[in-house]
Amino acid sequence: MILKKVFLLVVFISILITSYAQTKKDVVPLTQIAYKTTETIIIDGKADETSWKKASWSNDFIDIEGFKTPNHQTNVKMLWDENYYYILATIEEPHVWGDIKERDAVIFYNNDFEVFIDPDGDTHNYYELEINALNTIWDLFITKPYRELNNPILNDWNYTGLKSAVTVNGTLNNPNDIDKGWTLEIAIPFKDLRTAYEQDNIPRDTFWRVNFSRVNWQYQITDGKYERKKDAEGQFLEEYNWVWSPQGVINMHEPEKWGYVYFSSKKVGEKDNFSIPKDEKIKWKLYELYRAQKTYFEKYNTYATTLDSLTGSSIIIENKKLNPILESHKTGYNLSVLSPFSNKILILKEDGKFISK
């Protein structure tokens, strides 16, 4: 177990280093409405219930940076009831394979599908779920994004009531034919995401920050079995990362960029509307300043004490000019702004945690 934790730490650090090496690209998070179902959803990977047939597909997944079209198509549908958040993913793949069977192993070393959830949108204490075509699960609770120091990652945390099932449209682990892909059906219990024993955390008519990712590797056949492809030096080729809502960088662990899933109380088949709240757009700007502070610290080994050192332009949202405040203190800084839309004070701490008062 100690060796496994050390290995995981190396994996997480490598992800962190890679994330800062990418070219950043401005992105606008996507939105989708998850409608309520009163039908019993059987998690069998078939999705033949009427509610699934009425639910709408997402847009096609795109490359994680937001400007490349993936080789294979991926889409999701969503539903919810008073107990579960339901996710259906169709994953186009001409060669469906997998060999990782141990729970909480590093599942993304196989082709996989991943779910990221931040219920309160503060970018801390969020959930990651990875599943491969064998229906092997890796679930984690992440206290802070990897970009922060002192960020305990609870690999031993589990969804206790999770349900998932896979169906393969083709033949699993058979390199002698061409498959169409695989379908993954998931039910995430709301009770597993409670922060207090009797908390009512069902997101009726509100939104969560969510994103979905698909890791896809080039493959080679060795002794009749699939494995990740290597280059001439014996190193694994880099994976493809295809996502629902683009991140702008090769890093899923920037929760402030995830999409918005609105849980409508209207029944699936009915119509509802959702627009990203204006305060969320202010948050995007605060996180731009936060990332500028990261860059400033890397360059000067100290935080900037004036906003002029971080931005050369005014911050304007919906034709409203904002007046953010940068407050320095012994352990770091706070960024804050009074929202002209909600009259709330929006605060971003030096560790990236968002607070609204």
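What counts, and at which threshold
Residues numbered from 1 in each chain as written. Predicted model: local features only at pLDDT ≥ 70, side-chain atom pairs only at ≥ 80, totals over all residues. Heavy atoms only, no water. Helix = DSSP H or I, 4+ residues; strand = E, 2+ residues; numbered from the N terminus. Rg over C-alpha atoms; globule rule 2.2 N^0.38 Å. Contact = heavy atoms within 4.5 Å. Areas by Shrake-Rupley, 256 points an atom, 1.4 Å probe, with all protein chains shown as cover. Lys, Arg positive; Asp, Glu negative; His and termini not counted. Charge placed at Lys NZ, Arg CZ, Asp CG, Glu CD. Pairing = 2+ DSSP bridges. Axes fitted to C-alpha atoms, helices over the stretch in contact; angles between N-to-C directions. Expected span 1.5 Å × (residues − 1). Core = buried A, V, L, I, M, F, W, Y, C linked by side-chain atoms within 4.5 Å. Buried < 20%, exposed > 50% of the residue type's maximum accessible area, 1.4 Å probe, protein only. Polar contact = N/O pair within 3.5 Å; in protein donor to acceptor, adjacent residues only side chain to side chain. Salt bridge = Lys/Arg side-chain N within 4 Å of Asp/Glu carboxyl O. Phe/Tyr/Trp six-rings, centres within 6.5 Å; stacked < 30°, edge-to-face > 60°.

Some remarks on the overall build of the protein chain
Across its full length, the protein chain holds three helices and 21 strands. Compactness check: the protein chain gives a C-alpha radius of gyration of 21 Å against a globular reference of 21 Å for 357 residues, within 12% of the reference. Overall, the C-alpha framework of the protein chain stretches about 60 × 55 × 40 Å when taken along its three principal axes. Put simply, of all contacts in the protein chain between residues at least 6 apart along the chain, 64% involve residues at least 24 apart. Total accessible area computed for the protein chain in this model is approximately 17500 Å², and 49% of it derives from carbon and sulfur atoms. Charge separation in the protein chain, taken as the distance between the mean sites of 43 positive and 51 negative side-chain charges, equals 5 Å.

Notes on the sheet that holds strand β19 (residues 332-338)
Sheets are built from strands that pair by backbone hydrogen bonding, the pairs being arranged parallel or antiparallel. Pairing in this open sheet of four strands is antiparallel, and the strands run β18-β19-β20-β21 from one edge to the other. The strands lining the two open edges of the sheet, one partner per strand, are β18 (325-329) and β21 (354-356). Averaged over all adjacent pairs, the angle separating strand axes in this sheet is 20°, with direction ignored. Inspection of the sheet shows β19 paired to strand β20 (residues 345-349) by five bridges, in the antiparallel sense. The partner of Asn-334 across the bridge, within β20, is Lys-349.

Re helix α3 (residues 278-300)
Between the first and last C-alpha of α3 there are 34 Å, a value that for 23 residues agrees with the 33 Å anticipated at 1.5 Å per step. Looking one or two places after α3, you find Asn-301, whose phi comes out positive at around 60°.

What about the nonpolar core?
In terms of nonpolar packing, the biggest core is built from 37 residues, with Tyr-85, Phe-113, Ile-188 and Phe-212 touching the most fellow members. Broken down by secondary-structure element, the contributors of at least two residues to this core are β3 (74-80), β4 (84-92), β5 (112-118), β6 (126-132), β7 (137-142), β10 (181-189), β11 (207-216) and β15 (259-267). When sequence neighbours within four positions are dropped, the list of residues in contact with Ile-188 reads Asn-83, Tyr-84, Tyr-85, Ile-87, Val-115, Ile-117, Leu-129, Tyr-159, Leu-162 and Leu-193. Judged by nonpolar contacts, the second largest core, of 20 residues, contains Ile-43, Ala-165, Phe-274 and Ile-276.

Quick word on the environment of Ala-196
By secondary structure assignment, the location of Ala-196 is in the loop between β10 and β11. Owing to a relative accessible area of 42%, Ala-196 belongs among the partly exposed residues under this scheme. With 69 residues separating them along the chain, Ala-196 and Ser-265 place their C-alpha atoms 23 Å apart.

Section: the side chain of Lys-294
Along the chain, Lys-294 turns up in helix α3. Within polar-contact distance, the side chain of Lys-294 engages the side chain of Glu-148 at 3.2 Å.

Points about the pattern of salt bridges
Per the stated rule, a full pass over the model turns up 14 salt bridges. Of the charged contacts in the structure, one is a salt bridge between Glu-82 and Lys-36, with a shortest N-O distance of 2.8 Å. With a gap of 46 residues between them, Glu-82 in the loop between β3 and β4 and Lys-36 in strand β1 (residues 31-36) connect regions that are remote in the sequence. Owing to a relative accessible area of 21%, Lys-36 belongs among the partly exposed residues under this scheme.

Side note on the packing of aromatic side chains
Taken as a whole, this structure holds 30 aromatic pairs when the rule is applied. Plain terms: the ring middles of Tyr-85 and Phe-263 are 5.0 Å apart, the flat faces sit at 75° to each other, and that makes the pair edge-to-face. With Tyr-85 in strand β4 and Phe-263 in strand β15, this pair connects stretches of sequence that are 178 residues apart. Here Tyr-126 and Trp-258 contribute two aromatic rings whose centre-to-centre distance is 5.2 Å and whose plane-to-plane angle is 90°, an arrangement assigned as edge-to-face. Note that Tyr-126 is positioned in strand β6 and Trp-258 in the loop between β14 (240-243) and β15, a separation of 132 residues in sequence.

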